[in-house]
Amino acid sequence: MEALLRDLRLAVRNLLKNRGFTLAALLCLGLGMGASSAIFSVVNTVLLKPLPFAEPERVVMIWNQFLLQDLPKVPASGRELFDLRDQTTVLEGIAAMTPQPVRLLRDEDLDELLASRVTASFFQVLGVKPALGRVFTPEEDVFGRNGVVVLTYKLWSERFGSDPRIIGQRITIDGSPVVVTGVLPKEFSFGTLPIELFVPLALSPDRLLPRDFRTATLVGKLKPGISLDQAQAEMDVIAQRFSREYPGSYPPGSGYRLSLIPAHEDLVGNVRTPLLVLLGATGLVLVISCLNVANLLLVRATTRAKEVAIRTALGSSRAILIRQFLTEGLVLSCLGAALGLLIAFWATRLVIANLANIPRLDQVRLDGGVLLFTLGLVLVTGVVFGLAPALQSTGKKSLREPLQEGGKTSGAANAGQRARSALVVAEIAIALVVLVGAGLMIQSFRKLLDVDPGFRTRNLLTARFIMKGPQYQGAWVLEFQRQLRDRVASLPRVKSAALASELPMGVGMNLKGDLVAEGKVLGPNEPPPVTGWRMVSPGYFETMEIPILRGRGFTSADHERAPEVVIVEEGLARRLWPDENPLGKRLKLNAPLPAQGGWRTVVGVTGHVRQNGLASSQGDQLYVPIAQYPSRMLTLVVRPASDAGDLVSPVRQSISELDRNLPVVFRTIEEVIEDSLTQRRFNTLLFLAFGAMALVLTLIGIYGVMAYSVAQRTRDMGIRMALGAQRGDVLRLIVGQGARLALLGLALGVAAAWGMTRLMLSLLYDVAATDLVTFVGVSLLLGVLALAASYFPARRAAKVDPVVALRYE
């Protein structure tokens, strides 16, 4: 213990004595460890930790799949839920959930929250025990007796002040009083949506909607001893039974099946690759940081050769010297880790604030797993940092050379120079991989911003609302919509206004299903075409400035008693009626409600709109008049004559005149599009930051090696210049050495990047993972900067006075 304390004191004293070296090393380590720990904390929580349920490995998600119609994950209907409950023998329980916006009245403040309507079996299937009170019972999951609610821990703590007396109290949701029965544990979360409370789904066998009305996500729990393969085999049998009994709901040739997916895999499947790619990028930056510190330590070890020789001459064994170097390496790593954790704390908060649609993101913490990860980094880097210079410094067989004041540069020094050059080559290669990744992300994002969404995005105000309450019954639903549209359209400075069930890239009903075109006979194994549809009011296409290519838009004549009509996108028209005029043709929707599934006449053809985001060009759409397909979840779109922001107050006043308690969320269409790009923008910024860090660290490494090489060869340069070498010759010699290192590093980096960037395909848009422009541009940039980092030490060497240089050693 005494020897250890002595080594620690000496290590700290040496680090304090060389403050420039210590500061540079800590900065490199802190940046590398901080970035890696921050991203690992997200990966650890999202990908590695089990779900916060009892026996999470038995929890599965149940999806309808229509594979030949490109519908891999379709929710379930109430009828499918009841049929599965009756027919399965491999599931211990099945629960259903569906999100629903609600309005919470609290202290005269009206808040719009996102609730989840769930069956009473939901909490039993997941094995979740409430932190306070109880969950609701099967008797409360019945229509008419479902006036209960379970709060999330977040809602309870933030809006009810963590008051334990909340259990049994009544709160008002959507204008109706409900009783709080329980509060869920703090760590509980399910899915990516910000659910804040749970209410009973209240499905009753005698009140079920048609089989095609699929809105519920199903979750089940395997019986003990039942494998996923066994359960899937039974689901295949049940799916075949569904197809035989209900061919209209499961069309022949649609590739229908019931799919069981482990809950953890289902939740993280879409984010696994992006998170692992980000973790890999931070890992490469960490490696560059470590290589830089290793280079610094090797340089420092060379300068400490005399110290090692003196201590060896005084009796210190090689084991004692190696132990001292290892102690210094571990101390340096511990200090770097401390700085890294501080950086990771702030970086984690930044990541959480900017990442979107990632499950369990609110649970990300710098917890024990992250600390163990950082400790592992400390041990590995500490041993490497200590061992490499220790072996170099203590491996000399002669004590005479280090103790001499002059003479030639030693062979050991040349070997050390070769080791440092190899580290620089590795840094350049790794930096090129990270920079190519950043370049691909920038190229992808730039192309995404240039995409035409199919409508005019500038200067458009949106107001989203849901019509709930006893007053919205019968004819008043459509009358409210007409009056609201007319009031807003008549406001000063309003060019036009319209209503839609869902906006492009926005939040809404997202209806999708198959359709039948009149006169089109499908083959026995040919699936019917699938399309999405939206309900819109007259003036929608003019307000959104979506071009009408043929026919007309909707008018006030397309009311609820008029003949049913439809407008289709040009791609759908070509698919259904190639080389024919689609106007006047008829089609029928496989609508959830039979009354909405009649024959509709095509009266117009529009241009294609990117409904699901700028990155997705797939998906045909059709439009039906909102009067003929009523919806209570709507978005008002307003095209002002000038600035959209100036209209918020008058539009809000117009809505309040019709219903002062209706909660409305105002946004511009630019904000909607910005939100749809949040994830890609942040991924691009992260890669850009990692690329910048890699570039700076690599240039520091190149400059350090070249500067040290020049310092070690000062006498050699003096001799060359005394014998007639010109400054240009010295400059070319040093820069040539740097160029050779750069070219070797670039060659290795291009080869590595050519294979590794293929892992980024899911993050890119309209850019190949081996994009030649990016590879060439990044290689030229890194090569030029590497030559610049070599040029400055070379210029200093070229200015050395030969007389002074010959007296250097």
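Overview of the structure. What you are looking at is a predicted structure, and each value in this text was computed from that prediction instead of being measured.

Calculation notes
- Residues numbered from 1 in each chain as written.
- Predicted model: local features only at pLDDT ≥ 70, side-chain atom pairs only at ≥ 80, totals over all residues.
- Heavy atoms only, no water.
- Core = buried A, V, L, I, M, F, W, Y, C linked by side-chain atoms within 4.5 Å.
- Buried < 20%, exposed > 50% of the residue type's maximum accessible area, 1.4 Å probe, protein only.
- Contact = heavy atoms within 4.5 Å.
- Phe/Tyr/Trp six-rings, centres within 6.5 Å; stacked < 30°, edge-to-face > 60°.
- Helix = DSSP H or I, 4+ residues; strand = E, 2+ residues; numbered from the N terminus.
- Lys NZ or Arg CZ within 6 Å of the ring centre and 35° of its normal.
- Patch = residues over 30% accessible without salt bridge, like charges linked within 9 Å, V, L, I, M, F, W, Y side chains within 5 Å.
- Areas by Shrake-Rupley, 256 points an atom, 1.4 Å probe, with all protein chains shown as cover.
- Salt bridge = Lys/Arg side-chain N within 4 Å of Asp/Glu carboxyl O.

1. Quick look at the nonpolar core
No. 1: Counting residues in hydrophobic clusters, the biggest one holds 112 residues, and the most contacted among them are Phe122 and Phe690.
No. 2: Those residues in contact with Phe690 that lie beyond four places of it in its chain are Ala35, Ile39, Leu278, Ala281, Thr282, Val285 and Val434.
No. 3: In this structure, Leu515, Ala517, Leu587 and Val651 belong to the second largest nonpolar core, which totals 42 residues.

2. A short note on the packing of aromatic side chains
No. 1: The final tally for this structure, using the stated rule, is 24 aromatic pairs.
No. 2: Ring centres of Phe541 and Tyr623 lie 5.0 Å apart, and the angle between their planes is 85°; this geometry places the pair in the edge-to-face category. Within this pair, whereas Phe541 is found in helix H15 (residues 540-544), its partner Tyr623 is found in strand S20 (residues 621-625), the two being separated by 82 residues in sequence. You'll find Phe541 and Tyr623 in the same group, each marked buried.
No. 3: Each residue in the set Phe53, Phe122, Phe123, Phe136, Phe188, Phe190 and Phe198 is aromatic and connected to the rest through ring pairs, giving one cluster.
No. 4: Sitting over the face of the ring of Phe242, Arg211 holds its NZ or CZ atom 5.4 Å from the ring centroid.
No. 5: Just above the ring of Tyr246 sits the side chain of Arg211; from NZ or CZ to the centre is 3.8 Å.

3. With respect to the environment of Gly340
No. 1: For Gly340, the location among the structural elements is in helix H10 (residues 318-354).
No. 2: We classify Gly340 as buried; its relative accessible area is 0%.
No. 3: Separated by 306 residues in sequence, Gly340 and Gly34 place their C-alpha atoms 3.8 Å apart.
No. 4: Apart from the residues lying within four places of it in its own chain, the contact partners of Gly340 are Gly30, Met33 and Gly34.

4. Details of a nonpolar patch on the surface
No. 1: Taken together, the side chains of Leu330, Leu372, Leu375, Leu379 and Val383 make up a nonpolar region of the molecular surface, amounting to roughly 430 Å² of accessible area.
No. 2: Residue contributions to the nonpolar patch peak at 4 residues, all from helix H11 (residues 368-394).
No. 3: When you line up the elements, Leu372 lands in helix H11.
No. 4: Judged by its relative accessible area of 62%, Leu372 is exposed.

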